[in-house]
Structure formats: structure tokens, C-alpha cells
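Remarks on the overall topology
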Amino acid sequence: MKGTGQQAVQPTLRPSGGIGKKIRQNWELYLFIAPAFLYFAIFHYGPMYGIQIAFKNFIPSKGIFGSDWVGFQHFERFFNSHYFWDLLWNTLSISFLELAIGFPLPIILALAFNEVRNGFFKKTVQTVTYAPHFISMVVMAGMIITFLSPSSGMIIRLIEMFGINAPQFLNEPAWFKTVYVLSGVWQSAGWGTIIYLAALSAVDPQLHEAAIVDGASRFKRMLHINLPTIVPTITILLILNTGNILGVGYEKILLLQNSLNMESSDVISTFVYRSGLVSAQYSFSTAVGLFNSIVNAIMLIMVNQIAKRTSETSLW
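Residues numbered from 1 in each chain as written. Predicted model: local features only at pLDDT ≥ 70, side-chain atom pairs only at ≥ 80, totals over all residues. Heavy atoms only, no water.

With an unreviewed UniProt entry as reference, the protein chain is termed ABC transporter permease, source organism Paenibacillus mendelii. Within the UniProt record for the protein chain, the comment given under Subcellular location (unreviewed entry) is "Cell membrane". Quoted straight from UniProt, the Sequence similarities (unreviewed entry) entry for the protein chain says "Belongs to the binding-protein-dependent transport system permease family." (UniProt positions renumbered as here; feature names shortened; annotations may be inferred.)

A word on the overall build of the protein chain
A count of helical and extended segments in the protein chain gives 16 helices and two strands. Taking 2.2 N^0.38 as the reference for a compact globule, 316 residues should give roughly 20 Å; the C-alpha atoms of the protein chain span a radius of gyration of 27 Å, well beyond that estimate. If you line up the protein chain on its principal axes, its C-alpha atoms span 105 × 75 × 35 Å. Counting over 316 residues, the protein chain shows a buried share of 33%. A fraction of 63% describes how many contacts in the protein chain between residues 6 or more apart in sequence connect residues 24 or more apart. In the structure as shown, the protein chain presents an accessible area of about 20200 Å², 67% of it carried by carbon and sulfur atoms. Taking the 20 positively charged and 15 negatively charged side chains of the protein chain as two groups, their mean positions are separated by 13 Å. (Helix = DSSP H or I, 4+ residues; strand = E, 2+ residues; numbered from the N terminus. Rg over C-alpha atoms; globule rule 2.2 N^0.38 Å. Buried < 20%, exposed > 50% of the residue type's maximum accessible area, 1.4 Å probe, protein only. Contact = heavy atoms within 4.5 Å. Areas by Shrake-Rupley, 256 points an atom, 1.4 Å probe, with all protein chains shown as cover. Lys, Arg positive; Asp, Glu negative; His and termini not counted. Charge placed at Lys NZ, Arg CZ, Asp CG, Glu CD.)

As for the pattern of salt bridges
Considering all chains together, one arrives at three salt bridges under this definition. The salt bridge partner of glutamate 115 is arginine 218, with a shortest N-O separation of 3.6 Å. One end of the pair, glutamate 115, is in helix α6 (residues 104–115); the other, arginine 218, is in helix α12 (residues 218–242), and 103 residues separate them in sequence. Arginine 218 gets classed as partly exposed once you look at its relative accessible area, which sits at 43%. Arginine 274 serves as the salt-bridge partner of aspartate 266, at 2.8 Å between the closest nitrogen and oxygen. (Salt bridge = Lys/Arg side-chain N within 4 Å of Asp/Glu carboxyl O.)

Regarding the layout of surface pockets
One number sums up the size of the largest pocket: a volume of about 830 Å³. Along the walls of the largest pocket sit 27 residues, with Glu98, Gly102, Gly184, Ser188 and Asn241 positioned nearest its centre. Among the elements of the structure, α5 (84–102), α10 (173–200), α12 and α13 (251–256) are those that each provide at least two residues to the lining of the largest pocket. Considering every element that reaches the lining of the largest pocket, the biggest residue donor is α10, with 10 residues. Of the residues that constitute the lining of the largest pocket, the class distribution is 14 nonpolar, 10 polar and three charged. In this structure, the second largest pocket occupies an estimated 300 Å³ of space. For the second largest pocket, the lining is made up of 13 residues, of which Leu148, Ile155, Val179, Leu182 and Ser183 are closest to its centre. Mapped by element, the contributors of at least two residues to the lining of the second largest pocket are α8 (137–147) and α10. Looking at the lining of the second largest pocket, the element that brings in the most residues is α10, giving six residues. For the lining of the second largest pocket, the per-class residue count stands at 11 nonpolar, two polar and no charged. (1 Å grid on protein atoms, 1.4 Å probe; cavity = no way out; pocket = protein on both sides within 12 Å on 5 of 7 lines; lining within 4 Å. Points joined across faces, edges and corners; volume = space filled by probe spheres on them. Nonpolar A, V, L, I, M, F, W, Y, C, P; charged D, E, K, R; others polar.)

Focus: the UniProt feature "domain: ABC transmembrane type-1" (unreviewed entry) in the protein chain
If you check UniProt for "domain: ABC transmembrane type-1" (unreviewed entry), the listed places come out as residues 88–303 in our numbering. In residues 88–303, helix accounts for 75% and strand for 0%; the two terminal C-alpha atoms are 20 Å from one another.

Topic: the confidence of the model for the protein chain
In low-pLDDT regions, the fine details of the predicted coordinates are not to be read closely. Mean pLDDT for the protein chain: 87, with 95% of residues reaching 70 or above. Within the protein chain, helix α1 (residues 19–25) has the poorest average pLDDT of any element, 82, and helix α4 (residues 73–79) the best, 94. (pLDDT = per-residue confidence, 0-100.)

Some words on the packing of aromatic side chains
Across all of its chains, the model carries 22 aromatic pairs by this definition. On the numbers, 5.5 Å between centres and 90° between planes, the contact of phenylalanine 55 with phenylalanine 72 is edge-to-face. Here phenylalanine 55, found in the loop between α2 (27–45) and β1 (56–57), pairs with phenylalanine 72, found in the loop between β2 (68–69) and α4; they are 17 residues apart in sequence, far enough to count as distant. Their ring planes at 80° and their centres at 4.9 Å tell us that phenylalanine 169 and tryptophan 175 sit as a pair that is edge-to-face. Residue classification places tryptophan 175 among the partly exposed positions, given a relative accessible area of 33%. Members of the aromatic cluster, each reached through a chain of ring pairs, are Phe78, Phe79, Tyr83, Phe84, Trp85, Phe271, Phe284 and Phe291. The ring centre of phenylalanine 284 lies 3.9 Å from the NZ or CZ of arginine 77, which sits over that ring. Residue placement shows lysine 252 over the ring face of tyrosine 180; its charged tip is 4.8 Å from the ring centre. (Phe/Tyr/Trp six-rings, centres within 6.5 Å; stacked < 30°, edge-to-face > 60°. Lys NZ or Arg CZ within 6 Å of the ring centre and 35° of its normal.)

A few points about α12
Along an α-helix, residues three or four positions apart point the same way, because every turn accommodates 3.6 residues. Bending of α12 peaks at approximately 40° at the position of valine 231, with proline proline 232 no more than four residues after it. Among the residues of α12, those classed as buried are Arg221, Met222, Ile225, Asn226, Ile230, Ile234, Thr235, Leu237, Ile239 and Thr242. For α12, the secondary structure elements touched by its buried residues are α5, α6, α10, α11 (205–213) and α16 (282–310). (Bend = angle between axes of the 7 residues up to and from the residue.)

A look at the environment of histidine 133
Note that histidine 133 resides in the loop between α7 (119–130) and α8. Remark: the alpha-carbon pair of histidine 133 and alanine 189, spanning 56 residues in sequence, is separated by 8.4 Å. Those residues in contact with histidine 133, other than ones at most four positions away along the chain, are Gln187 and Trp191.

Encoded structure:
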């Protein structure tokens with residue numbers, strides 16, 4: 001037997017194994033995420049080596065590494081151009097309009113759908129609001145052009161029935177942003193409610209039962225029980241949307257754009273398309289696109305930090 005004065009030897013903790021052992025133990029999980037990992041590695045992170053042409057005078061015959069280094073020359077050219085502030089204003093104004101109108105509408109629809117008790121009516125309205133999401137962008141643009149045609153547009157004729165002189169929505173720069181944003185909201189608002197409806201399904205029914213006993217109306221229960229439940233989801237989606245503030249896509253704008261509304265429809269993405277693919281200014285268009293991505297990344301980090309400090313919800 002050991003003496004009473006002898007100290008007991010404490011067992012030492014050894015590492016459970018390296019990454020290889022963890023992969024062998026959980027190979028099913030790693031195999032499950034492998035396709036997504038390979039997709040992002042090959043198609044998103046792999047091509048990022050081409051960003052360096054933003055700092056070079058890229059010539060295809062010389063290749064990326066053989067082209068001459070010019071530093072920030074392309075960035076200075078874009079910042080000092082006469083169209084820089086117009087492009088930035090059009091992009092920001094469209095993005096903020098979409099955020100101000102399109103972001104709260106799915107929340108309101110989800111709260112309204114959650115309160116509907118008639119199953120047939122609820123499913124019918126949901127189907128009608130979801131349906132535009134499945135319309136392709138080309139078909140959607142064709143519908144908008146047809147409905148707003150000055151000669152035979154259905155919406156134009158409807159406005160004229162009330163004795164109002166209908167404006168040329170797609171030919172007047174003042175109306176382009178309104179048409180673009182409202183058509184986008186119509187197409188995506190119903191689909192956006194799915195995330196909030198899924199979050200509302202986590203509401204504890206006992207909270208509503210207790211509120212009913214206390215005499216709370218349906219509106220107060222929606223305001224003080226349902227809405228706080230989806231606040232974390234709202235915060236995450238708001239951060240993601242704000243981080244894409246300069247990411248106005250070029251597809252729909254190009255389909256609706258013409259020489260008459262170019263003043264308000266030309267955004268950074270359409271400018272990058274024209275400069276890079278149409279005019280073959282590869283280095284200049286890459287520099288503009290890189291500026292766009294950096295601003296989006298900065299906005300994402302800033303909004304995430306603000307949300308992290310003001311609430312318990314953030315991306316990281």
C-alpha cells in the first residue's frame with residue numbers, strides 16, 4: 001500500500017487524434033458535405049486568382065501572369081469618371097427601395113397567413129402569392145413590357161379607363177425604378193414568407209393560451225408573441241440583404257433597359273457587363289466588380305457587428 005503522504009498521480013489527457021481519425025470516425029458526414037464544399041472550392045474560390053487582372057493591363061494573348069502590372073490605375077479611372085456618381089446613386093437607390101418595400105412585406109404576409117384559420121382560403125392565397133416566383137426572369141420582363149406597352153398595355157388601358165393620362169413607364173427615367181422594384185416585390189414577396197412561416201411554427205401554443213386567458217386580442221398576441229419569435233430570423237435576413245446592397249443584378253435591368261430610361265436604369269452591374277463582355281475591357285470591368293464586392297463585404301461586416309452589439313443574433 002502507498003503511504004498516506006504520497007500524492008496521487010493524476011492521469012494525463014492525450015489528444016483524441018488528428019483530423020484523419022476524425023474523418024474516419026465521421027466519414028458519412030464529411031461525404032455528405034463534400035459536394036457543396038467542392039462546388040464552392042471549384043466555382044467560387046478557385047477563380048478568385050483572376051482578381052489580380054484588376055491591377056494589371058490584361059491582354060488575353062499574354063495571359064494573367066504575362067500582363068503588365070498597373071496598380072490602382074483602373075480604380076482611379078473609375079472613381080474619376082463622370083459616370084461614377086450616377087452609377088452609384090442608381091445602384092444604391094434601387095437597393096434601398098427594394099430593402100424598404102420588399103423586406104417588410106414578406107414579414108407582414110407571413111404574420112397574416114399565420115392568423116388565417118380557413119384552410120382552403122389560406123392555401124389558395126399562398127399559392128397565388130408563391131406562383132410568380134417560378135416565372136423565369138425573361139418571361140417576367142416580357143410580361144412587364146407587354147402590360148406597360150403604350151399602345152396595347154393592359155395596365156395602361158386600365159389607367160386610361162379612369163380618365164388618367166398614363167405615363168410611359170418604361171420610357172420615362174423617373175418611373176423605371178418604381179417599375180423595377182414593384183415587379184420584383186410582386187415576384188418574390190410570396191416566396192419570402194416561407195422562411196418566416198417556418199419560424200412561426202416554433203411558437204409555443206401555451207403562450208397564446210396564457211395570453212387568451214389574460215384577455216389579449218389576436219392583434220396583441222401577434223404583436224407580442226409571434227413577432228418577437230421571428231425577430232432573430234428577421235435580423236439574419238436583414239444582415240444578408242444589407243450585405244448585398246450594391247449587388248443589384250444586371251439580368252432584369254438589361255431586359256427592361258432602353259436608350260430612354262438609361263439615365264436611371266444604368267447600375268454598376270450593367271456597366272461591368274458592357275465594359276467587360278461588350279467592350280472587352282477586362283481589367284477595368286474586373287476593377288469595378290472588385291470595388292462592388294469590397295463595398296458589399298464591408299457593409300456585411302458593419303451591419304453584423306451592429307447587430308451583434310445590439311442583440312444576441314448575428315452571423316458570427
